[in-house]
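Here's the letter readout for the chains.
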Amino acid sequence: MNPRQKLTLHYFALAGIIILGTTLRFWHLDLKPLWLDEVLTAFFSLGREYNDLPLDVVFPLSTLQEFFTLQPEASCKDIAQTLAQQSTHPPLFFCLMHSWLRFTGTEPLAWALRSFPALIGVGAIAAIYFLNRLIFSPIAGLIAAALMAVSPFAVYLSQEARHYTLPMLLIILALLALIPIQQRLYHQQLPSLWLWLGWGMVNSIGCYVHYFFLLAVIAQVLTLISGMIWYRRRLPRGSWGAVALVIAGMAVSYLPWWGMLLADVGRPETSWLPPPDSITPLVQLLVGWFLMVIALPVENQPLWIVIPMGGLTLGLGGWIIWQGGVGVKQLLQKPSTQLATLTLFGFTLGVLLQFLAIIYLLGKDISVVPRYNFVYYPAICALLAASLIVNVETRHGASHGASGRRGVGMQGRWAIVLTLAISLVSTVCVVANLVFLKPYYPQQVAQNMMIEPTVPLIMVMGYKDLQDVGLGLSFALALENVSEDGSQEGDRTIAFLSRQQGYNQVWQQLSELAIPSVSPLNLWIIAPGLKRRDYPQNLAIANQKTCILDPSQHYRIGIPYQLYRCS
């Protein structure tokens, strides 16, 4: 095969990988119900405010979509002001999502919201290809793109209406600038002005997308400075001054939001993370590495499924990590790949050390949230792809004789094929809603509430803050999507009642609400923080109805909810 044919085949392979990655990200995009965080994304991105919500009143489920309509007159400044007052996130992603929704519309809501992160996730596939092509080889670029295309972790993030794929893409772009900067400095060449500006601008933008991007910036700076100290005698004149100017520029660019960052750190919305439990966070971080390439059904599964699936995950995941470790060792021994490998490794180590500082010094166990690993996933993906390729090349070169070279080369190729196949199967499980289940299981909650679809229903959510309201809205949206089986949508109503002064306040408000005069009526009480024994046996509601607790219909999936039968 001549070089032109090889080049054509190469780009056909890249196109096929991108098409596969696109298909996986948009496949069943709206199958899973929107959960708490996605509901809040929708709310702020639509240009809504907390005051727009119908609180402390009863309203029919049929009017729910009215609160999820786009406010086209809302500007990015308006959205930023709302986030500053009512949330703990920087504004850029929500502003971009608002523009996206103006372009696509909001029907169906889940698809419209998730299609934006999914599209960015496709862009990340192309970006990781260029990263590995630049710093390793074209074939390493293809393998990195393939790994990201079929990664269950990357597809999971792409199907979340949240700000994870955008910072992930920006981190790849930042590494596309950082590594050439390192390489030029190492070879006694001062990087161009555009390279410095590009690196600084990408990092500045990323900090306005997600607070955890700051961890990526710190890890990059530490990696760059460590490298410069290592080869300090080779540095061209002006290197330290250029680095200082770029870092100062990034710091100045974030001054408008710095005060909000400091205020958000102490807000109660960030207190939900548990304190660390001994070495458990270390184990959970390791499991997070497995989930980047293999994720088999173990959540909410019977024991006879959990045991073999867990065993396969540990066995295959451990094997892939071992393959990667062997390959990284080979990459470090090759002069042509040593510096790029050290940079990616240093960046990953820098992020992980900051994770451990947050966990053990600040007492917030972020390891319980695997999606936060998006900060260093691109570096892991790039390193794994390069290590799998170098394993093939090294084993091929180390073998003697035609048959030996063929046998060892095939062994390395089969390792790549097996890794990609494992990831593809895992991704199918993600798309089929068997893995990475939505927190609080809104679909299951809605199905439990609809045990008697022909009986009128009212769902009451005790709320203390916007988080509680968002959780209740996610249940309501799932309830709306559950098959009616003969019930009319008007027979289902919702109420959000304040629990600022405790649940006695909720019971009092409930007795005064204008509730439809129908009998029988199923009353579902969702009560965050309430223990089962504290649910009253009887509740009085409007129209002099008495509701009796049904002890057989109590559930707890993160939060408790209880059925009362009213007549």
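Given the structure is predicted, the values throughout are model-derived calculations rather than measurements.

Conventions used here
- Residues numbered from 1 in each chain as written.
- Predicted model: local features only at pLDDT ≥ 70, side-chain atom pairs only at ≥ 80, totals over all residues.
- Heavy atoms only, no water.
- Pairing = 2+ DSSP bridges.
- Helix = DSSP H or I, 4+ residues; strand = E, 2+ residues; numbered from the N terminus.
- Axes fitted to C-alpha atoms, helices over the stretch in contact; angles between N-to-C directions.
- Contact = heavy atoms within 4.5 Å.
- Disulfide = S-S within 2.5 Å.
- Buried < 20%, exposed > 50% of the residue type's maximum accessible area, 1.4 Å probe, protein only.
- Salt bridge = Lys/Arg side-chain N within 4 Å of Asp/Glu carboxyl O.
- Phe/Tyr/Trp six-rings, centres within 6.5 Å; stacked < 30°, edge-to-face > 60°.
- Polar contact = N/O pair within 3.5 Å; in protein donor to acceptor, adjacent residues only side chain to side chain.
- Patch = residues over 30% accessible without salt bridge, like charges linked within 9 Å, V, L, I, M, F, W, Y side chains within 5 Å.
- Areas by Shrake-Rupley, 256 points an atom, 1.4 Å probe, with all protein chains shown as cover.
- Expected span 1.5 Å × (residues − 1).

> How should the sheet that holds strand E5 (residues 538-541) be read in this particular structure?
Within a beta sheet, neighbouring strands are joined by backbone hydrogen bonds and run either parallel or antiparallel to one another. Pairing in this open sheet of seven strands is mixed, and the strands run E1-E3-E2-E4-E7-E6-E5 from one edge to the other. Both outer strands of the open sheet, strand E1 (58-60) and E5, are each paired with one neighbouring strand and no more. The mean inter-strand angle of the sheet, taken between neighbouring strand axes irrespective of direction, is 30 degrees. In the packing of helix H20 (residues 503-512) onto the sheet, contacts are made with strand E2 (457-463), strand E3 (492-498), strand E4 (521-526) and E5, and the angle to E5 comes to roughly 45 degrees.

> Sorry, what's going on with the state of the cysteines here?
Simply put, the disulfide is a covalent bond whose two ends are the sulfur atoms of two cysteines. Under the defined criterion, the tally for this structure stands at two disulfides. A sulfur-sulfur separation of 2.1 Å characterises the disulfide bridge that pairs Cys76 with Cys95. Because the sign of the S-S torsion sets the handedness, a value of about 85 degrees for the bond joining Cys76 and Cys95 places this disulfide among the right-handed ones. Linking Cys76 in helix H3 (residues 76-86) with Cys95 in helix H4 (residues 92-104), this pair joins segments that are 19 residues apart in sequence. Across the disulfide, Cys547 is cross-linked to Cys566 (sulfur-sulfur distance 1.9 Å). Where Cys547 bonds to Cys566 through sulfur, the torsion about that S-S bond is close to 105 degrees, and the disulfide is right-handed. With Cys547 in strand E6 (residues 545-557) and Cys566 in strand E7 (residues 559-566), this pair connects stretches of sequence that are 19 residues apart. The class of Cys566 is buried, set by a relative accessible area of 2%. Each bonded cysteine of the chain gets a number by its place in the sequence, and the pairs then read 1-2, 3-4.

> Got a minute to help me understand the pairing of E2 in this structure?
Side-chain positions along a regular strand alternate between the two faces of the sheet. Within E2, seven of the seven residues are buried, which leaves the element mostly enclosed by the surrounding structure. Note: E2 against E3, seven bridges, orientation parallel. In the sheet register, Leu457 faces E3, and the bridge partner there is Arg492. Relative to E4, E2 runs parallel, the two being bridged by five bridges. Within E4, the residue paired with Met461 across the bridge is Ile526.

> Explanation requested: the pattern of salt bridges in the structure shown.
Working definition: two side chains of opposite charge can pair if their charged atoms are close together. Tallied over the entire structure, the rule returns ten salt bridges. Among the ionic contacts, a cluster of salt bridges with common partners joins Glu38, Arg114, Glu160 and Lys438.

> Could you clarify how one ought to interpret the packing of aromatic side chains in this entry?
The geometry of an aromatic ring pair is captured by the separation of the ring centres together with the interplanar angle, meaning the angle of the planes. Per the counting criterion, the structure on display carries 26 aromatic pairs. On the numbers, 6.4 Å between centres and 20 degrees between planes, the contact of Phe59 with Phe496 is stacked. Of this pair, Phe59 sits in strand E1 while Phe496 is found in strand E3, placing the two residues 437 residues apart along the sequence. Per residue, the accessibility class of Phe59 equals that of Phe496, and both read buried. With 6.1 Å between their ring centres and 25 degrees between their planes, Tyr186 and Trp230 make a pair best called stacked. In this pair, Tyr186 is assigned in helix H8 (residues 165-186) and Trp230 in helix H10 (residues 213-230), connecting sequence segments 44 residues apart. Taking the relative accessible area as the measure of exposure, Tyr186 reaches 23% and is therefore partly exposed. For Trp230, a relative accessible area of 48% puts it in the partly exposed group. An aromatic cluster is present here, built from Phe43, Phe44, Phe93, Phe94, Trp100, Phe103 and Phe116 joined pairwise through their rings.

> How do you make sense of the environment of Asn522 when you look at a structure like this?
Inspection of the secondary structure puts Asn522 in strand E4. Judged by its relative accessible area of 3%, Asn522 is buried. Taking the C-alpha atoms as reference points, Asn522 and Arg565, separated by 43 residues in sequence, lie 5.0 Å from one another. Polar side-chain contacts of Asn522 include one of 3.0 Å to the side chain of Glu452.

> When you look at a nonpolar patch on the surface in this model, what are you seeing that I'm missing?
There is a patch of nonpolar side chains on the surface, built from Ile279, Leu282, Val283, Val287 and Tyr360 and spanning about 430 Å² of accessible area. Examining the composition of the nonpolar patch, we find that three residues originate from one element, helix H13 (residues 280-291), more than from any other. Along the chain, the position of Tyr360 falls in helix H15 (residues 335-360).

> What is the right way to read helix H19 (residues 466-481) from this model?
An α-helix turns once per 3.6 residues; consequently, residues spaced three or four apart project the same way. Here H19 spans 23 Å end to end across 16 residues, near enough to the 22 Å set by a 1.5 Å rise per residue. When you tally the buried positions in H19, you get 14 out of 16 residues, the bulk of the element. Here H19 starts with a cap whose side-chain oxygen sits 3.1 Å from the backbone nitrogen of Gln467, and that cap is Asp465.

Don't take any of this as a statement about function, it's just geometry.
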